[in-house]
Amino acid sequence: MSSENSSADDVQRVWDVVVVGAGPAGASAAYAAAVAGRRVLLLEKAELPRYKTCGGGIIGPSRDALPPGFELPLKDRVHAVTFSNNGRFTRTRRSKQMLFGLINRPEFDQQLVEHAQKAGAELRTGVTVQRVEQHGSAVPDRRTVAVILQGGEVLLARAVVGADGSASRIGAHVGVKVGQVDLGLEVEIPVPETVAEDWKGRVLLDWGPMPGSYGWVFPKGDTLTVGVISARGEGAATKRYLEDFVGRLGLAGFEPSISSGHLTRCRADDSPLSRGRVLVCGDAAGLLEPWTREGISFALRSGRLAGEWAVRIAEAHDAVDTRRQALNYAFAVKAGLGVEMSVGKRLLTVFERRPGLFHAALTGFRPAWRAFKEITQGSTSLGEIVRTYPVAQRALTALDRRPAATGDEVSPSQ
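Per an unreviewed UniProt entry, the chain goes by Geranylgeranyl reductase family protein and derives from Streptomyces coeruleofuscus.

Further remarks concern the pattern of salt bridges. Enumeration over the complete set of coordinates arrives at 16 salt bridges. Close ionic contact of Glu133 with Arg131 constitutes a salt bridge, the shortest N to O distance being 2.9 Å. For Arg131, a relative accessible area of 43% gives the class partly exposed. Across the pair Asp141 and Arg158 runs a salt bridge, and its minimum N-O distance is 3.7 Å. Remark: Arg158 occurs in strand β11 (residues 154-162) and Asp141 occurs in the loop between β9 (129-133) and β10 (145-149); sequence separation between them is 17 residues. Here Asp141 falls in the partly exposed class, since its relative accessible area comes to 33%. Each of Arg50, Arg105 and Asp109 takes part in one network of salt bridges that share partners.

Here we take up the pairing of strand β2 (residues 40-44). Extensive coverage of β2 is indicated by the burial of 5 of its 5 residues. Alternating residues of β2 divide into Val40, Leu42 and Glu44 and Leu41 and Leu43, and every residue in both groups is buried. In this sheet, β2 lies alongside strand β1 (residues 14-20) in parallel orientation, the contact comprising 4 bridges. Residue pairing in the sheet places Val19 in a bridge with Leu42 of β2. Crossover β1 to β2 through helix α2 (residues 24-35) is right-handed. Across 4 bridges, β2 lies against strand β8 (residues 122-125) in parallel orientation. Paired with Leu42 across the two strands is Leu123, which belongs to β8.

Okay, the pairing of β11 next. Along β11, 8 of the 9 residues are buried, which leaves the element largely enclosed by surrounding structure. Here β1 runs beside β11; their pairing, made up of 6 bridges, is parallel. Looking at β11, one finds that Val14 is bridged to Leu156. Two elements, β10 and β11, share 4 bridges in a ladder whose sense is antiparallel. Looking across to β11, one finds that Val147 is bridged to Leu155.

Here we come to the packing of aromatic side chains. Enumeration according to the criterion identifies 14 aromatic pairs in this entry. On the numbers, 5.4 Å between centres and 75 degrees between planes, the contact of Phe351 with Phe358 is edge-to-face. Classification of Phe351 by relative accessible area gives buried; the value is 1%. The rings of Phe83, Trp207, Tyr214, Trp216, Trp291, Phe351, Phe358, Trp369 and Phe372 are connected pair by pair, giving a single aromatic cluster. The cationic tip of Arg312 hangs over the ring face of Trp309; the distance from NZ or CZ to the ring centre is 4.4 Å.

Here helix α4 (residues 105-118) is 14 residues long and its end C-alpha atoms lie 20 Å apart, about the 20 Å a rise of 1.5 Å per residue gives. Within the span of α4, buried status applies to Arg105, Phe108, Asp109, Gln111, Leu112, Val113, His115 and Ala116. Looking at the buried side of α4, the elements it contacts are α2, β2, β3 (57-58), β8 and α8 (296-315). Once α4 ends, the next one or two residues include Gly120, with phi positive near 120 degrees.

In this section: the sheet that holds β3. If you walk across this open sheet you meet the 3 strands as β3-β7-β4, and the pairing is antiparallel. The sheet terminates laterally at β3 and β4 (76-78), the two strands that pair on one side only. Pairing between β3 and strand β7 (residues 100-102): 2 bridges, direction antiparallel. Paired with Gly57 across the bridge in β7 is Leu102.

About the thresholds
Residues numbered from 1 in each chain as written. Predicted model: local features only at pLDDT ≥ 70, side-chain atom pairs only at ≥ 80, totals over all residues. Heavy atoms only, no water. Salt bridge = Lys/Arg side-chain N within 4 Å of Asp/Glu carboxyl O. Buried < 20%, exposed > 50% of the residue type's maximum accessible area, 1.4 Å probe, protein only. Helix = DSSP H or I, 4+ residues; strand = E, 2+ residues; numbered from the N terminus. Pairing = 2+ DSSP bridges. Right-handed = clockwise from strand over helix to strand, strands pointing away. Phe/Tyr/Trp six-rings, centres within 6.5 Å; stacked < 30°, edge-to-face > 60°. Lys NZ or Arg CZ within 6 Å of the ring centre and 35° of its normal. Expected span 1.5 Å × (residues − 1). Contact = heavy atoms within 4.5 Å.

This is the structure we're talking about:
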């Protein structure tokens, strides 16, 4: 940026990049733009640290997307997974190497924000963004976006990144379209030392009673994070599943410290990722893995890309250049995360119809367990496995075509 531009910007207080939302996606975007030496403002409506409904599993791709020198505030390291099919046919599989780590979101998010601040980003909390405008009286020129706060304050930016979660106002401005909405319910249950010891280093994944549903237990020291997720529209059944799940685990006698719910929204294939000088990432863009609904790695990776491309959009001098950079951002997201999402969608379709088959594969078929391990550890991805192993591609295609089985698909011996 030339010194003339800089002095003009100082008079008007134009930020290079304004990021809305300080979760993993927003903090990653702010970090990436600040590391590039740009003036970055990170806005968050809550006061930090704050609680988020989230299992808090940090898989390999999440770890690999963290800023250099980031020390994960791990509450536990997972070396074993117990699988069950709606409470039955329980089997535990173990790994010598750590599969993934478990964190509490308040600490993790706070640490990510601190890294963005150390890189030079400025943080403002307790700030609600009402809307963004790219035309009209609040916008001085075509290279500027107006970010209008509750109360009427106007901030000006050369580029805006929307990372304001699954009910995103910036997403609405961009025109994000969702194709899949799920309801996650979660309780944080403080437990005595004897119970905590039993769960240490081990998680439980239970394939649930409704199509596409599953439950989890993630141990975090003296607290167990217990949750379930299912398609929206099944609220009462999802709540019942959580209650039954907690009861079945022998945890009904312990009082949860937190009970919460959250809707996850998965983007439709043709959903936009930008509009003019505004980009969206993470949950605000509907970027998450459709089968597991894992969102942290998608938030970190898309956030970093959004921050890098926001810098280029901030430098763009006309609409043509802006459009080119925005298309490059969309291409980068779709080439990596989009491929994983399309495989995840196919897996979800199969899983909805044949959860017992998944259970049998993960507990009794070594290559399936190996694939699970490698994906969680970050040495491969869903897309990579389907691309590399023709047998995986053929199996998925065959399962896509097969009708759902009736009755039980897993014998007790499995």
